[in-house]
Every structure is written in structure tokens, then in C-alpha cells.
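# Descriptive structure summary
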Amino acid sequence: MSTENTDTTTEASTSTDTESTCGASTDATEETESKCGTSTSSSSSSSSSGCGGSKSETTDENVSATAADFEGDPGRLVAVGLGPGHAEGMTQRARAALLEAEHIVGYTTYIDLLPDEVTEQADELYDTPMCGEVSRTEEAVDRTLAGNDVAIVGSGDPNVYALGGLALEIVESKGTTPSAVDFEVVPGVPAAQSCAARLGAPLVNDTVTVSLSDHLTPMEDIESRLHAVAPKGFTIAIYNPWSRKRRENWETCCDILLEHRDPDTAVGVVHGAGREDEQVEIVDLGELKELGETDLVDMTTTVLVGNEETYVEDGRMVTPRGYESKYDY
Ligand SMILES: C[S@@+](CC[C@H](N)C(=O)[O-])C[C@H]1O[C@@H](n2cnc3c(N)ncnc32)[C@H](O)[C@@H]1O
């Protein structure tokens, strides 16, 4: 049993140029931002948009070792959703899966959020700062192929803008199968639902989620999706709303919403749900764009846009489910 020297104290400034313990070399690009305009970057691959602006820039993450390079039986690979971030927000199943894992792999911020009982139980923790998604996931798969039981962790749920799919793609690209590594997804509470809970009941009807991250989806596509859903009766959960390099995406999104919805549409903005720096506000859609320049809206924020029936009562957002059309109450 060995314990890797894992520095989880400097999320924004850790220089990561890592050598996989499984023999695959990893190269993480990370760039983190703050509203004061500072940006720290440590990587050997450059990028133009936070996590790498173009496909050609991002594909230099190395997915090299294959299943044939490993001897012996593989271990288990589990993708675990941590929920919003505080220990009480984690499901029992997630906690159990983490306690069972020999190695835990994740973005530094999420490794930092793990309860002590989990980190103390693990043989090894492997964390990288933001944007090393491919190399980090490859590391998790390689460690599994080397015979370890591995959990790869992320906030919320592994199926919501997260690494569940990437893990399966990498398993396949290495010439093995999900069954061979006994792959399992352990769900967590997604940010939209954690944030909704802080606001009242804004999402009780049909809801669409949209990510403003143009790292993997071109902004033209995001715009046409917004135009498609904004006029309808959906409530909308906006993930990845703002970063210094995505300021324009945020402004475009607010403009599109205002083209289709009244400026007094209720909007809930939750920063850091369940974390120490949590902030919750309910505003009118007409006021939303300017919040992009405040600490309330950044990459730890989810924005919930009400539908035309959503209202605010005593500081809570309420989206009627529709019972009032059938029952008297
Ligand atoms: C890459 S996505 C991951 C989503 C995650 N898998 C989930 O199920 O919530 C990251 C985005 O999730 C949202 N998010 C994650 N944690 C959050 C929190 N504690 N409070 C508010 N939003 C959060 C933010 O919009 C952030 O930009």
C-alpha cells in the first residue's frame, strides 16, 4: 500500500505535469480565473479558452496505454457523483463506493471536498487541477487496468456535463470493455436540483439544461439551442455560466432569453450551493446580464430561469405544477 504525495492545497496554482504511476504520461492544461482578473496557468499545452479553445489544442492530452499493456486482472472502475459539495449532500451509496475504492481520482477541488473518513481510507488520491479531464480519466482507467479498485469523482452527477461518458469512451479506446472493469455509475444530486432546493421550487415542471461552455460545443450551437427552448414553457437551468473568457457567451445568453421572455421573469442565481461561499439571489431576467460582472456569477454558479408561470412568494421561487387547473385548493 503506498500513498501518493498529493498536494490538494493550491487548487488555482498547482503546477501539474504528471507522470502516471501506471506508465502513461499525462499532461494537464489548466487555467483558473477569478473576477479580479487574475489567471494562473500551469501546463505544457497552451489554450485559448479556459480549457483549451480548439480540438487540435485539446487532443494533445495523451491517451496512450492500452489494456494489452497491463498484466493481471483489472480492478473495478466507479464514476461517483459527490452532489453539491458538502458531506451531507453525498448519497450513502456514494460514500460507500468511495470507502470501497483503493484509489480516488478527481479534480483537485472535488478531492478537497471529500470527507476525511474517505480520504483516510483510500490507499491513493490522485488529483489534477481544472481541465486535465482526459488525462485524469485516462489515469483512472489505467489504474483500474493495473488491478486497483478506482473511483473517479466529480461534483453533482456523473451524467450531467461530467466524466461518466468520457470514462466509457476511454475504456473502449484502450481495447477493453465496461464489463471487464465492472464499470458502475453512482449518481449524485446534480447542481440544478441542489440549487433549486435553495430557491424554493423553481423546477417542478419540464426543465431544459444548457451549458454555456463552448469548450466542447460551438457557441453557434449553444445559441440555436437557446433560441429553440427560450420561447417554450420550459424552466431552464444554465450551467457553466460565466468565466472571463466566456463573458460574451453569458451576455449573448441573457440577450437571447430577453428576446423570448419578459424582463420580469423570475430567475434564481445560486453560487456554490452547499459550499462555504454559497450565495443565493432571486432577480428579474432584465437584471441578469449585469450580474455577470459580480462575484455571484462564475463557474461555480447555476442559474435557474423560471417559465412564464413562475412567481416569487416570500423569497421563494414557485413554479406551479398545474394542479390548480384540476383541483380547488
Ligand atoms: C462541469 S459542470 C458539472 C455539473 C455536475 N456534474 C452536476 O451534476 O451538477 C460544472 C457546473 O456545474 C454547476 N455547479 C457545480 N457545482 C455547483 C454548486 N455547488 N453550486 C452551483 N452550481 C454548481 C456550475 O454551473 C458549474 O459551472
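So, here is what we can say about the structure in this document. (Residues numbered from 1 in each chain as written. Predicted model: local features only at pLDDT ≥ 70, side-chain atom pairs only at ≥ 80, totals over all residues. Heavy atoms only, no water.)

## Details of the environment of L77
Mapped onto the elements, L77 comes out in strand β3 (residues 77-81). Owing to a relative accessible area of 0%, L77 belongs among the buried residues under this scheme. Sequence-distant contacts of L77, defined by excluding residues within four places in its chain, comprise A140, V141, T144, V150, I152, A167, V171, V181, D182, F183 and E184. (Helix = DSSP H or I, 4+ residues; strand = E, 2+ residues; numbered from the N terminus. Buried < 20%, exposed > 50% of the residue type's maximum accessible area, 1.4 Å probe, protein only. Contact = heavy atoms within 4.5 Å.)

## Comments concerning the site of the ligand
Near the ligand lie 21 residues; those nearest to it are D157, V160, A191, M299 and T301. Contact between the ligand and D157: an oxygen atom at 2.7 Å from a main-chain N or O atom of the residue. Note that a nitrogen atom of the ligand is positioned 3.4 Å from one of the backbone N or O atoms of T300. Burial of the ligand by the surrounding chains reaches 91%, relative to a free accessible area of 570 Å². Listing elements by their share of the shell around the ligand, those giving two or more residues are α7 (191-199) and β13 (301-305). Residues that form the shell around the ligand fall into these classes: twelve nonpolar, seven polar and two charged. Mapping the shell around the ligand onto the domain boundaries places at least three of its residues in each of domain 1 (66-189) and domain 2 (192-318). (Near = heavy atom within 4 Å. Polar contact = N/O pair within 3.5 Å; in protein donor to acceptor, adjacent residues only side chain to side chain. Areas by Shrake-Rupley, 256 points an atom, 1.4 Å probe, with all protein chains shown as cover. Nonpolar A, V, L, I, M, F, W, Y, C, P; charged D, E, K, R; others polar. Domains from an automatic or database assignment.)

## Some remarks on the nonpolar core
Of all hydrophobic cores here, the largest spans 26 residues; its most connected members are V269 and L288. Secondary-structure elements contributing two or more residues to this core are β9 (207-211), α8 (219-229), β10 (235-239), α9 (247-260), β11 (266-271) and β13. The element best represented in this core is α9, accounting for five residues. Not counting residues within four places of it along the chain, the set of residues in contact with L288 comprises W250, C254, V267, V269, V283 and V303. (Core = buried A, V, L, I, M, F, W, Y, C linked by side-chain atoms within 4.5 Å.)

## Topic: the pattern of salt bridges
Close approach of charged atoms allows side chains of opposite charge to pair. Counting across every chain of the model gives twelve salt bridges. A salt bridge links D182 to R76; the shortest N-O distance between them is 3.0 Å. In this pair, D182 is assigned in the loop between α6 (164-173) and β7 (184-186) and R76 in the loop between α1 (55-58) and β3, connecting sequence segments 106 residues apart. Here R76 falls in the partly exposed class, since its relative accessible area comes to 24%. Through salt bridges with shared partners, a single network forms among R76, R93, D182 and E184. (Salt bridge = Lys/Arg side-chain N within 4 Å of Asp/Glu carboxyl O.)

## Points about the pairing of strand β5 (residues 124-128)
Judged by how many residues are buried, β5 sits mostly within the fold: five of five residues are covered. By the alternation rule, side chains of β5 split into E124, Y126 and T128 and L125 and D127, which are all buried.

## Focus on the sheet that holds β3
Ordered in space as β5-β4-β6-β3-β7, the five strands form an open sheet in which the pairing is parallel. Each edge of the sheet is formed by a strand with only one pairing partner; in this case those strands are β5 and β7. Between one strand and the next, the sheet's axes are offset by a mean angle of 20°, whatever the strand orientation. With four bridges connecting them, strand β4 (residues 103-107) and strand β6 (residues 150-154) associate as parallel partners. Looking at β6, one finds that H103 is bridged to V150. (Pairing = 2+ DSSP bridges. Axes fitted to C-alpha atoms, helices over the stretch in contact; angles between N-to-C directions.)

## Some words on α6
Among all positions of α6, only G164, L166, A167, I170 and V171 are buried. The buried side chains of α6 occupy one side of the element, clustering within an arc of 165° when seen end-on. Along α6, the residues that are exposed and aim more than 90 degrees away from the buried face are E169 and E172. Here the buried face of α6 lies against β3 and α5 (133-145). (Arc of directions from axis to C-beta.)

## Quick notes on the packing of α5 against α6
Helices that pack against each other are described as a pair by the angle of their axes relative to one another and the distance between those axes. Running from N to C, α5 and α6 cross one another at 60°; their axes reach a closest spacing of 9 Å. Viewed along their axes, α5 and α6 adopt a mutual orientation that is oblique. Here α5 and α6 pass one another in a crossing that is right-handed. For the pair formed by α5 and α6, the contact residues are E133, V134, T137, E138 and V141 on the first element and L166, A167, I170 and V171 on the second. Split into classes, the residues belonging to the contact of α5 with α6 amount to six nonpolar, one polar and two charged. (Parallel < 35°, antiparallel > 145°, perpendicular 65-115°, else oblique. Left-handed = near helix turned anticlockwise from the far one by under 90°.)

## Focus: the packing of α8 against α9
Two elements in contact, α8 and α9, have axes separated by 10 Å at closest approach and are oriented at 20°. Considered as vectors, α8 and α9 are oriented roughly parallel to each other. In terms of crossing hand, the pair formed by α8 and α9 is right-handed. Where α8 approaches α9, its residues M219, E223, L226 and H227 are matched on the opposing element by N249, T252, C253, I256, E259 and H260. For the contact of α8 with α9, the per-class residue count stands at four nonpolar, four polar and two charged.

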